[in-house]
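Read off the chains here:
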Amino acid sequence: MKTAAAFINENAQNRMSDAFDAKTRAALRETLDLPDEVVLSADLEENRERLAKTVYLFSTWGMPPLTEAQIREYFPSLKAVFYAAGSVQHFARPFLNCGVKVFSAWAANGVPVAEYTVAQIVLAGKGFFQGLRIQEKEGRAAFKAYSDSFPCNYNTKVGILGAGMIGSLVLKMLGGYAFEKLVYDPFASDEKLAALGVRRASLEEIFSECQTVSNHIANLPATQRMLRYEHFSRMGRNATFINTGRGAQVVEEDLIRALREEPGRTALLDVTWPEPPKADSPLWTMPNVILTPHIAGSMNNEIARMGSYMAEEYAALREGRPCRYEVTEKMLETMA
């Protein structure tokens, strides 16, 4: 007899079929009774009988933040939640408090973010982003003159803020380049940084010394508005700041001030706070700001990678093998 499982989400217009594609669903159904129907958080009562037998839940973006009381009432048999997306901060604690294991595909979601970031770092080193705008206005020779003012991508310092899952993956991918890598992460051990081949540095050192700085710090109350004018004002004449993490960590008025004071500086912002920026925000019109619409994370075909990771975690749990992506309450203190 197969074990009862269910898909759950807040929204009827969810991405469940993108995250759990036909191949992944087929693999799960070898051992699970897992209907295609997605149970919505508003419909718990009408699904009470079915949910009482459910042992495993599968979800993605839109996972409902259920209370401990709801979990105990509607999911008395539940053993684990498999979340085919990244951060679990908004829903994990009540499940953990009820003794339910939580697994997240943060590593899968981190792959496209890291790929996107590394591409930006390499292009930023050539003056690509502002260079295109300069060429549109002043021509090819002006772009070339601007690019010639950059140290480019050999023996150049790159700063990574946060050596968590995504930051570490960025650093590993950068291992194929001749960069000197500096890292700010007060929680990372010396052993971890040594294994990554990087040097620990303060925020002040990184913003002062690095040609490119990329933010991957976990989004926690303590990290909000932590990147300020005292950091951005230290950036070099042609330095670049990349943010594919969270916009709330940046004091945007301070970043804007530093970019206005030195127009050679560049900001590549895939995230802002609020997101998108307000209609009257200078970020929309500043020539040294490149805004992208939060596209670094999993999109289209990439979304299925997250479901595949969670199917693999389910198989490992079922077979008693080590799981790689279980989230603990301790981890929630520092992870994104």
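This text follows the structure it describes.
What this report covers is the structure whose coordinates are included nearby. Residue numbers run consecutively from 1 along every chain, following the written order of its sequence. Residue-level local features of this predicted model are given only where pLDDT is at least 70; pairs of side-chain atoms are given and counted only at 80 or more, and the full residue set underlies all totals for whole chains, interfaces and linings. The side-chain numbers reported here are obtained from all heavy atoms of the structure, hydrogens and water having been left aside.

### Points about the overall build of the chain
To qualify as a helix, a DSSP run of H or I must reach at least 4 residues; to qualify as a strand, a run of E must reach at least 2; elements of each kind are numbered from the N terminus. Scanning the chain for helices and strands turns up 14 helices and 14 strands. Based on C-alpha atoms, the radius of gyration is set beside the globule rule, defined as 2.2 Å times the residue count to the power 0.38. Scaling as 2.2 N^0.38, a compact globule of 336 residues should have a C-alpha radius of gyration of about 20 Å, and the chain matches this with 22 Å. With respect to the three principal axes, the spread of C-alpha positions in the chain is 70 × 45 × 35 Å. Here the chain holds 336 residues, and the buried ones make up 52% of them. Note on areas: these come from Shrake-Rupley sampling with a 1.4 Å probe, and a residue is covered only by the protein chains present in the view. Accessible area of the chain: about 15600 Å², with a carbon and sulfur share of 52%. Burial here depends on accessible area, computed with a 1.4 Å probe over protein chains only, as a share of the maximum for the residue type. Under 20% is buried, over 50% is exposed, and the range in between is partly exposed.

### Here's the deal with the packing of helix H6 (residues 106-124) against helix H9 (residues 165-173)
Interaxial angle, 0 to 180 degrees, is taken between N-to-C directions of lines fitted to C-alpha atoms, where a helix line uses only the stretch in contact. Viewed as axis vectors pointing N to C, H6 and H9 meet at an angle of 50°, and their least axial separation amounts to 8 Å. Between H6 and H9, the crossing angle belongs to the class labelled oblique. Relative to H9, H6 is oriented so that their crossing is right-handed. Facing Trp-106, Ala-107, Gly-110, Val-111, Val-113, Ala-114, Glu-115, Thr-117, Val-118 and Ile-121 of H6, the residues of H9 in contact are Met-165, Ile-166, Leu-169, Val-170 and Met-173. Classes in brief: Ala, Val, Leu, Ile, Met, Phe, Trp, Tyr, Cys and Pro nonpolar; Asp, Glu, Lys and Arg charged; the others, Gly included, polar. For the contact of H6 with H9, the class distribution of residues is 12 nonpolar, 2 polar and 1 charged. By the definition adopted for this analysis, an angle is roughly parallel if under 35 degrees, roughly antiparallel if over 145, roughly perpendicular if from 65 to 115, and oblique otherwise. Each crossing gets its handedness from the near helix: less than a right angle anticlockwise from the far helix is left-handed, clockwise is right-handed. Here, residues are in contact when the closest pair of their heavy atoms is within 4.5 Å.

### Re the packing of aromatic side chains
Stacked, tilted and edge-to-face are the three classes assigned to paired rings of Phe, Tyr and Trp, where Trp is represented by its six-membered ring and a pair needs centres within 6.5 Å; plane angles under 30 degrees give stacked, over 60 edge-to-face, the rest tilted. Applying the stated rule across the entire model yields 19 aromatic pairs. Ring geometry for Tyr-56 against Phe-82: centres 6.0 Å apart, planes inclined by 55°, an arrangement best described as tilted. Taken together, the positions of Tyr-56 in strand S4 (residues 56-59) and Phe-82 in strand S5 (residues 80-83) put the pair 26 residues apart, joining distant regions of the chain. Tyr-56 gets classed as buried once you look at its relative accessible area, which sits at 10%. On the basis of relative accessible area, Phe-82 is assigned to the buried category, the value being 0%. With a centroid separation of 5.5 Å and 80° between ring planes, the pair formed by Trp-106 and Tyr-325 is classed as edge-to-face. Pair noted here: Trp-106 is in helix H6 and Tyr-325 is in the loop between helix H14 (303-319) and strand S14 (326-327), with a separation of 219 residues, a long-range link. Tyr-325 sits in the buried class, given a relative accessible area of 9%. Each residue in the set Phe-7, Phe-20, Tyr-56, Phe-58, Phe-82, Phe-103 and Tyr-314 is aromatic and connected to the rest through ring pairs, giving one cluster. Note on criteria: charge over ring means Lys NZ or Arg CZ within 6 Å of the ring centre, with the direction from the centre no more than 35 degrees off the ring normal. Across the ring face of Tyr-229, the terminal group of Arg-257 is positioned such that the distance to the ring centre comes to 3.6 Å. Above the plane of the ring of Tyr-309 lies Arg-324, whose end atom (NZ or CZ) is 6.0 Å from the centre.

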